[in-house]
Amino acid sequence: MKNIHCLVFGHDFKVTRNVTYHVKEYACKTCKKQLTTNSNGSLIELTPKFKEINDVLEHIHHKRISKTNRQKIDSKLLVFSH
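Residues numbered from 1 in each chain as written. Predicted model: local features only at pLDDT ≥ 70, side-chain atom pairs only at ≥ 80, totals over all residues. Heavy atoms only, no water.

Considering the side chain of Thr37
Link 1 in the chain: Of note, Thr37 is situated in strand E3 (residues 34-37).
Link 2 in the chain: Among the polar contacts listed, one links the side chain of Thr37 to the backbone nitrogen of Lys24, at a separation of 3.3 Å.
Link 3 in the chain: Residue contacts for Thr37: discarding those within four places in its chain leaves His22, Val23, Lys24, Tyr26, Ser42 and Leu43. (Helix = DSSP H or I, 4+ residues; strand = E, 2+ residues; numbered from the N terminus. Polar contact = N/O pair within 3.5 Å; in protein donor to acceptor, adjacent residues only side chain to side chain. Contact = heavy atoms within 4.5 Å.)

Focus: the pattern of salt bridges
Where side chains of opposite charge bring their charged atoms close, a pairing between them can arise.
Link 1 in the chain: Counted under the stated rule, the structure contains 6 salt bridges.
Link 2 in the chain: A salt bridge links Arg17 to Glu58; the shortest N-O distance between them is 2.6 Å. In this pair, Arg17 is assigned in strand E1 (residues 13-18) and Glu58 in helix H2 (residues 48-81), connecting sequence segments 41 residues apart.
Link 3 in the chain: Ionic pairing is found between Lys51 and Glu25, a salt bridge with its closest N-O pair at 3.4 Å. Here Lys51 is found in helix H2, whereas its partner Glu25 is found in strand E2 (residues 24-28), with 26 residues between them in sequence.
Link 4 in the chain: Note on Lys51: relative accessible area 33%, which makes it partly exposed. (Salt bridge = Lys/Arg side-chain N within 4 Å of Asp/Glu carboxyl O. Buried < 20%, exposed > 50% of the residue type's maximum accessible area, 1.4 Å probe, protein only.)

Focus: the sheet that holds E3
Link 1 in the chain: As summarised here, the arrangement of the 4 strands in space is E1-E2-E3-E4, forming an open sheet in which the pairing is antiparallel. This sheet does not close on itself; its edge strands, each paired only once, are E1 and strand E4 (43-45). Averaged over all pairs of adjacent strands, the angle between their axes in this sheet comes to 35 degrees, without regard to strand direction.
Link 2 in the chain: Bridge count for E3 against E4 is 3 bridges, and the pairing is antiparallel. What sits directly across from Thr36, in E4, is Ile44. (Pairing = 2+ DSSP bridges. Axes fitted to C-alpha atoms, helices over the stretch in contact; angles between N-to-C directions.)

Some words on unusual backbone geometry
Link 1 in the chain: Positive phi outside glycine occurs at Lys32, with the angle close to 70 degrees.
Link 2 in the chain: Relative to the elements of secondary structure, Lys32 occurs in the loop between E2 and E3.

Comments concerning the pairing of E1
Link 1 in the chain: Where E1 meets E2, 5 bridges bridge the pair, whose relative direction is antiparallel. Of the residues in E2, the one forming a bridge with Val15 is Tyr26.

Here we look at a nonpolar patch on the surface
Link 1 in the chain: Taken together, the side chains of Ile4, Leu7, Val8 and Phe9 present a nonpolar region at the surface, about 500 Å² in accessible area.
Link 2 in the chain: Mapped onto the elements of the fold, Val8 is located in helix H1 (residues 2-9).
Link 3 in the chain: Since its relative accessible area comes to 56%, Val8 is described here as exposed. (Patch = residues over 30% accessible without salt bridge, like charges linked within 9 Å, V, L, I, M, F, W, Y side chains within 5 Å. Areas by Shrake-Rupley, 256 points an atom, 1.4 Å probe, with all protein chains shown as cover.)

Take a look at the structure:
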């Protein structure tokens, strides 16, 4: 019955995970079909291979963000210390 709803009315995709600013994972609220964005920005089916790629991308993204934030804090501390 869930698949019939999606066939008739289309999928109702919601973001389930923000991997980076540009890469996200989506799931249909009705049939639970999962998609992600590829390197071109197109939506593709979320396979185990893409799930693993997204895990690595997310890890790198969080590392880079935390490094940038530390550098900003350090530079502000240098300004205030002089």
